[in-house]
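Letter by letter, the chains look like this.
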Amino acid sequence: MKRTLLATALVLAPAMSLADEAETKLHVTGLTCPSCSYIIATALKKVESVRIAEFTEGEAEDGTYLLQYDDAVTDPEALIAAVTGVGYGAALAPGGGS
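Residues numbered from 1 in each chain as written. Predicted model: local features only at pLDDT ≥ 70, side-chain atom pairs only at ≥ 80, totals over all residues. Heavy atoms only, no water.

A. Region of the structure containing the environment of Glu21. As for its placement among the helices and strands, Glu21 is situated in strand 1 (residues 21-29). Taking the C-alpha atoms as reference, Glu21 lies 5.5 Å from Tyr69; in sequence the two are 48 residues apart. Sequence-distant contacts of Glu21, defined by excluding residues within four places in its chain, comprise Gln68 and Tyr69. (Helix = DSSP H or I, 4+ residues; strand = E, 2+ residues; numbered from the N terminus. Contact = heavy atoms within 4.5 Å.)

Right, here's the structure in full:
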């Protein structure tokens, strides 16, 4: 049994190490109330491997999310789709990374 577990771990270990953590900044628009940030954060957290590292509120109903994720699992287009899918505008922020 131990040999089987060890063999499985050795087979899976290289595949796990191939994934890289990526970082992207998303500029989000349409933040009209305190609930908006919660709704967007909830949508982003539903995307597999995504972690919200930081949120910076903008000046006029906008903000920027700094997101970290496994680029073997998701990509910036999926992050934008998650935000636009709940009714807000989203685009890569200048210097947005991957």
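Following the structure, the description resumes.
B. Examining the packing of helix 2 (residues 34-45) against helix 3 (residues 76-84) more closely. Across the interface, helix 2 lies against helix 3 with an axial gap of 9 Å and an inter-helix angle of 140°. In terms of orientation, helix 2 and helix 3 fall into the oblique class. Regarding helix 2 and helix 3, the two cross each other, and that crossing is right-handed. Residue-level contacts link Ile40, Ala43 and Leu44 of helix 2 to Leu79, Ala82 and Val83 of helix 3. (Axes fitted to C-alpha atoms, helices over the stretch in contact; angles between N-to-C directions. Parallel < 35°, antiparallel > 145°, perpendicular 65-115°, else oblique. Left-handed = near helix turned anticlockwise from the far one by under 90°.)

C. Here's a closer look at the pairing of strand 1. Only one face of strand 1 is covered, namely the face carrying Ala22, Thr24, Leu26 and Val28; the face carrying Glu21, Glu23, Lys25, His27 and Thr29 is uncovered. Alignment of strand 1 against strand 3 (residues 62-70), held across nine bridges, turns out to be antiparallel. From the neighbouring strand, Val28 faces strand 3, where its bridge partner is Gly63. (Buried < 20%, exposed > 50% of the residue type's maximum accessible area, 1.4 Å probe, protein only. Pairing = 2+ DSSP bridges.)

D. A look at the side chain of Thr74. With respect to the helices, strands and loops of the structure, Thr74 is situated in the loop between strand 3 and helix 3. Excluding its chain neighbours within four sequence positions, the residues that come into contact with Thr74 are Val47, Glu48, Ser49, Val50 and Tyr69.

E. Examining the environment of Ala43 more closely. Considering the arrangement of structural elements, one finds Ala43 in helix 2. With relative accessibility at 10%, the residue Ala43 sits in the buried group. In the structure, Ala43 is positioned 39 residues away from Ala82 in sequence and 5.7 Å away in space, judged by C-alpha atoms. Not counting residues up to four positions away in its chain, the partners in contact with Ala43 are Ala82 and Val86.

F. Representation of the side chain of Gln68 within the structure. Mapped onto the fold, Gln68 is located in strand 3. In this structure the side chain of Gln68 is engaged in a polar contact, spanning 2.9 Å, whose partner is the side chain of Glu23. Ignoring any residue separated from it by four or fewer positions in sequence, one finds Gln68 in contact with Glu21, Ala22, Glu23, Ser49, Val50, Arg51 and Ala53. (Polar contact = N/O pair within 3.5 Å; in protein donor to acceptor, adjacent residues only side chain to side chain.)

G. Quick look at the nonpolar core. If you look at the biggest cluster of nonpolar residues, it comprises 17 residues, and the most contacted ones within it are Val28, Ile40, Leu44, Leu79 and Val83. Looking at this core, the elements with two or more residues in it are strand 1, helix 2, strand 3 and helix 3. Not counting residues within four places of it along the chain, the set of residues in contact with Leu79 comprises Thr24, Leu26, Leu44, Val47, Val50, Leu67 and Tyr69. (Core = buried A, V, L, I, M, F, W, Y, C linked by side-chain atoms within 4.5 Å.)

H. Seen up close, unusual backbone geometry. One non-glycine residue with positive phi stands out, namely Ser49, at about 80°. Summarising the element assignment, Ser49 is placed in the loop between helix 2 and strand 2 (51-57). On the basis of relative accessible area, Ser49 is assigned to the partly exposed category, the value being 34%. If you check the backbone angles, Glu61 has positive phi at about 55° while not being a glycine. For Glu61, the position within the fold is in the loop between strand 2 and strand 3. Residue classification places Glu61 among the partly exposed positions, given a relative accessible area of 48%.

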